[in-house]
Amino acid sequence: MSLKHFKPAHWLYNLLHYKQLLHNKKAYKKYKLHKSLIASVSSKDFPDKESRAWLDVGDSAILAPAKEGFHQFSPAVQQKILQWSSKGYMVLENHFSPAACDAINAEIDKLLKKGRLQFKWGNKLMFANKRSALIKQVTQDTLIGKLLNFLLDKEMVPFQTINFISGSGQRAHSDSVHMTTYPLGYLAAIWIALEDVHPDSGPLFYYPGSHKLPYLLNNDWNAGSSFLTLGKHEYPDYEDMVEELIGKHRFQREELIAKKGDVLIWHANLVHGGAPIRNPALTRKSMVVHYYASDVIKYHEITERPSLM
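Residues numbered from 1 in each chain as written. Predicted model: local features only at pLDDT ≥ 70, side-chain atom pairs only at ≥ 80, totals over all residues. Heavy atoms only, no water.

## Some details on unusual backbone geometry
For step 1, the next point in the chain: A cis amide bond links Tyr182 to the next residue, Pro183, at an omega of -5 degrees.
For step 2, the next point in the chain: Its place among the elements puts Pro183 in the loop between β5 (180–182) and β6 (187–193).
For step 3, the next point in the chain: Of note, the phi angle at Phe127 is positive, near 60 degrees, even though the residue is not glycine.
For step 4, the next point in the chain: You can see Phe127 is positioned in the loop between β3 (124–126) and α8 (133–139).
For step 5, the next point in the chain: Classification of Phe127 by relative accessible area gives partly exposed; the value is 22%.
For step 6, the next point in the chain: For Asp153, which is not glycine, the phi dihedral falls at a positive 55 degrees.
For step 7, the next point in the chain: Relative to the elements of secondary structure, Asp153 occurs in the loop between α9 (142–152) and β4 (156–164).
For step 8, the next point in the chain: Take Asp153: its relative accessible area is 42%, and that puts it in the partly exposed class. (Helix = DSSP H or I, 4+ residues; strand = E, 2+ residues; numbered from the N terminus. Buried < 20%, exposed > 50% of the residue type's maximum accessible area, 1.4 Å probe, protein only.)

Right, dumping it as structure tokens:
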């Protein structure tokens, strides 16, 4: 068993980054979670396992038009909002200009050359937003900010960026097991195509409507967690369970053959991943940004760690 399975190692890490955990202080009090900010936290600490987000408990096709702020969006975006509750995603075509995408790619190249970014977990470049004013500014895009605030009816704040040079190749999963909130449902993400996507480059795929599945949490797939250790199963066991659920419910897979500047926005529980890369010579430059609601408890279910903000 590796060190990452032992919770005391996480507690020590949390203590060393205590200031980055203070965001949870008010939320712990609000939701009556009587724990230290450095302690492990998981869905086992909470009384319910369902989203309370207004467009999860209600239908955006009915509720959105009467909501204050709906008419600030263009007719095209309004139509996408109306479909949010049924699809769990939307695509903003040509949202970022080619010049903006080129600037992001140049910034990532610069950070790589300077050694300020390194690949983690194979092909992921993490937290460029903490190392670049330009990338941070992209995460604060005005329209996307207004749209996420409307969809979740809360102030949404950027948590992390993930940049890719090639396709992720990641199996189907939901972000909600990685970045989790209490109440559930208060995470959203965007994916920005930083170049035209070729079908052989490992396009992003997703299953429309899969966000309506029950949230898959540790007790569903990773039994055996104790006060001192995480559960006995490994991440592929979770991916196997997701694959089984998708097959059981017969969701239809879609691939996004995006154009440079297109943006996919998706629900915390939408099942998605990266298709296999059929031509390794092709790149698939892109950037993901995850956003948390500002006033909820923010943590990582899979590792039972509070999020550092």
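## Concerning the pairing of strand β1 (residues 89–92)
For step 1, the next point in the chain: Alternating positions in β1 separate into two faces, Tyr89 and Val91 on one and Met90 and Leu92 on the other, with burial throughout.
For step 2, the next point in the chain: Looking at chain direction, β1 and strand β9 (residues 263–267) are connected through four bridges and run antiparallel. The residue of β9 that forms the bridge with Val91 is Leu264. (Pairing = 2+ DSSP bridges.)

## Regarding α9
For step 1, the next point in the chain: Within α9, the full set of buried residues consists of Ile144, Leu147, Leu148, Phe150, Leu151 and Leu152.
For step 2, the next point in the chain: For α9, the N-terminal cap is Asp141; the gap from its side-chain oxygen to the backbone nitrogen of Leu143 is 3.3 Å.
For step 3, the next point in the chain: Among the residues trailing α9, Asp153 stands out with phi positive, at a value near 55 degrees. (Polar contact = N/O pair within 3.5 Å; in protein donor to acceptor, adjacent residues only side chain to side chain.)

## A few points about the sheet that holds strand β10 (residues 272–274)
For step 1, the next point in the chain: Pairing is antiparallel across the open sheet formed by three strands, whose spatial order is β8-β7-β10. A strand with exactly one partner marks an edge of an open sheet, and here the two such strands are β8 (254–256) and β10. Recorded for the sheet is a direction-independent mean angle of 30 degrees between the axes of neighbouring strands.
For step 2, the next point in the chain: As paired elements, strand β7 (residues 204–206) and β8 share three bridges and run antiparallel to each other. By the bridge assignment for β8, Phe205 is matched with Glu255. (Axes fitted to C-alpha atoms, helices over the stretch in contact; angles between N-to-C directions.)

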